[in-house]
Amino acid sequence: MNKTQFNIKQLVRKNVLGLNPYSSARDEYVSDGSEMIFLDANENPFDNGVNRYPDPQQRNLKTVLAQQKRVSEQNILLGNGSDEVLDLLFRAFCEPKVDNIITLPPTYGMYNVLANINTIENREVFLTENFEPNVDKIINTVNSNTKIIFLCSPNNPTGNSFSEENITKVLNQFDGLVVIDEAYIDFSDKESWIKKITTYPNLIVTQTLSKAYGLAGIRLGICYASKEIIAILNKIKPPYNVNELTQRRALERVINQDQVKAEVADILKERKKLIATLSLIRFVEIVYETDANFILAKVDDANKRYDQLLHKGIVIRNRSTQPLCKNTLRFTVGTPEENNKLIEILEQL
């Protein structure tokens, strides 16, 4: 792609392009740290820690993320989980009943759900047998109304990262937006594609604090993209989409990188142990390579083995209904104690 020819305005829905966004009280006045009397937002004045509206732009949290990822704060959008970020992309760029997206099953199921919610056609191009994007078929599936291609890397449920060569081909050959979902990137030794958002104006990278950061309960998703794309998403996001408690807890966690890295190291150590064990279990036929905090394994009878584990008090995920995933089970890496219990039961079975 010739980035000098890329014009994001040609991809934006016309009603969004002409939209005057809602301006909240906290957008119009940004505190400089001085003591002020706030009589602007019709809040309850009695301080209880959360009686005031949260910062609609999450400035404190963005400042830390920008430093860590080496991007500008203007390259970041925060959402109520990654699902809100993904939904905003649909609403900003995809015209209902007109446009389409491309997804690569087996993959994260919310892409298809969000497409259906927003009345957008989802053109599915299955991964190859080794779980890589079929680039030629993807490009042949594109038409003038294809707005977004979703690449989940490391991929869920397969666990593998897509090759840099294949992702680069998609970025270069497609004139629309390419979303790389990096929910599991912290468990991989591959570099994040965030470093390429200045090279590819059509690149959007999403990450989350739900996995490696252990904050699934607070719902915090992150979008990294060009300033132009982020500005468009800011026009349509709800004014206070990330609440005060989420912002505080997220800030505490992202600052404490040593703890996060220690937990990731423990998960990777346990992942290696689980892979070794699964490889020796007689009813496990294939243990797929993984760059995530889970392992996909092909077994003799997924329904039977799922029920057996459930009966023993262990909940895993049966992925057999997904394309290319017949008789597969997905094991999330737990604590050492949980993993030892899983191993004990697998060996009994």
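Everything discussed here concerns the structure shown above.
Residues numbered from 1 in each chain as written. Predicted model: local features only at pLDDT ≥ 70, side-chain atom pairs only at ≥ 80, totals over all residues. Heavy atoms only, no water.

(A) A look at the overall build of the chain. For the chain, the count of helices and strands is twelve helices and eleven strands. For the chain, the C-alpha radius of gyration of 22 Å lies close to 20 Å, the compact-globule estimate for 349 residues. Its C-alpha atoms put the chain at 65 × 50 × 35 Å along the principal axes. A fraction of 69% describes how many contacts in the chain between residues 6 or more apart in sequence connect residues 24 or more apart. One way to put it: in the chain the 42 positive side-chain charges average out to a point 3 Å from where the 44 negative ones average out. (Helix = DSSP H or I, 4+ residues; strand = E, 2+ residues; numbered from the N terminus. Rg over C-alpha atoms; globule rule 2.2 N^0.38 Å. Contact = heavy atoms within 4.5 Å. Lys, Arg positive; Asp, Glu negative; His and termini not counted. Charge placed at Lys NZ, Arg CZ, Asp CG, Glu CD.)

(B) Representation of empty space enclosed by the protein within the structure. Per the stated rule, a full pass over the model turns up one cavity of 30 Å³ or more. Roughly 40 Å³ of internal volume is contained in the largest cavity. Lining of the largest cavity is provided by Leu-65, Lys-69, Asp-186, Gln-207, Thr-208, Leu-209, Tyr-213, Ile-222 and Tyr-224. Broken down by secondary-structure element, the contributors of at least two residues to the lining of the largest cavity are α3 (59–69), β6 (203–208) and β7 (221–224). (1 Å grid on protein atoms, 1.4 Å probe; cavity = no way out; pocket = protein on both sides within 12 Å on 5 of 7 lines; lining within 4 Å. Points joined across faces, edges and corners; volume = space filled by probe spheres on them.)

(C) Here's a closer look at the sheet that holds strand β11 (residues 328–332). With antiparallel pairing, four strands are arranged side by side in an open sheet as β8-β9-β11-β10. One side of each edge strand has no neighbouring strand; the edge strands of this open sheet are β8 (284–287) and β10 (317–318). Sheet analysis places strand β9 (residues 294–299) next to β11, joined by five bridges and oriented antiparallel. Among the inter-strand pairings, Lys-298 is bridged to a residue of β11, identified as Thr-328. (Pairing = 2+ DSSP bridges.)

(D) Seen up close, the pairing of strand β3 (residues 121–124). In this structure, strand β2 (residues 100–103) lies alongside β3, joined through four bridges in parallel fashion. The residue bridging Asn-100 from the neighbouring strand is Glu-121, located in β3.

(E) Local environment of helix α9 (residues 244–255). Between its terminal C-alpha atoms α9 stretches 17 Å, which fits the 16 Å expected from twelve residues at 1.5 Å a residue. Buried residues of α9: Thr-246, Gln-247, Ala-250, Arg-253 and Val-254, and no others. Taken end-on, α9 shows its buried residues confined to a sector of 135 degrees, consistent with a single buried face. Away from the buried face of α9 by more than 90 degrees, exposed residues Leu-245, Glu-252 and Ile-255 are located. (Expected span 1.5 Å × (residues − 1). Buried < 20%, exposed > 50% of the residue type's maximum accessible area, 1.4 Å probe, protein only. Arc of directions from axis to C-beta.)

(F) Layout of unusual backbone geometry. With an omega of 0 degrees, the peptide bond running from Ser-153 to Pro-154 counts as cis. Within the secondary structure layout, Pro-154 lies in the loop between β4 (146–152) and α7 (164–173). Here the bond from Asn-156 into Pro-157 is cis, since omega is 20 degrees, no more than 30 degrees from zero. Structurally, Pro-157 is set in the loop between β4 and α7. If you check the backbone angles, Gln-58 has positive phi at about 45 degrees while not being a glycine. Among the secondary structure elements, Gln-58 is positioned in the loop between α2 (25–28) and α3. Under the relative-accessibility criterion, Gln-58 is labelled buried at 1%. Despite not being glycine, Arg-219 shows a phi value in the positive range, around 60 degrees. Position of Arg-219 among the secondary structure elements: in the loop between β6 and β7. Here Arg-219 falls in the partly exposed class, since its relative accessible area comes to 32%.

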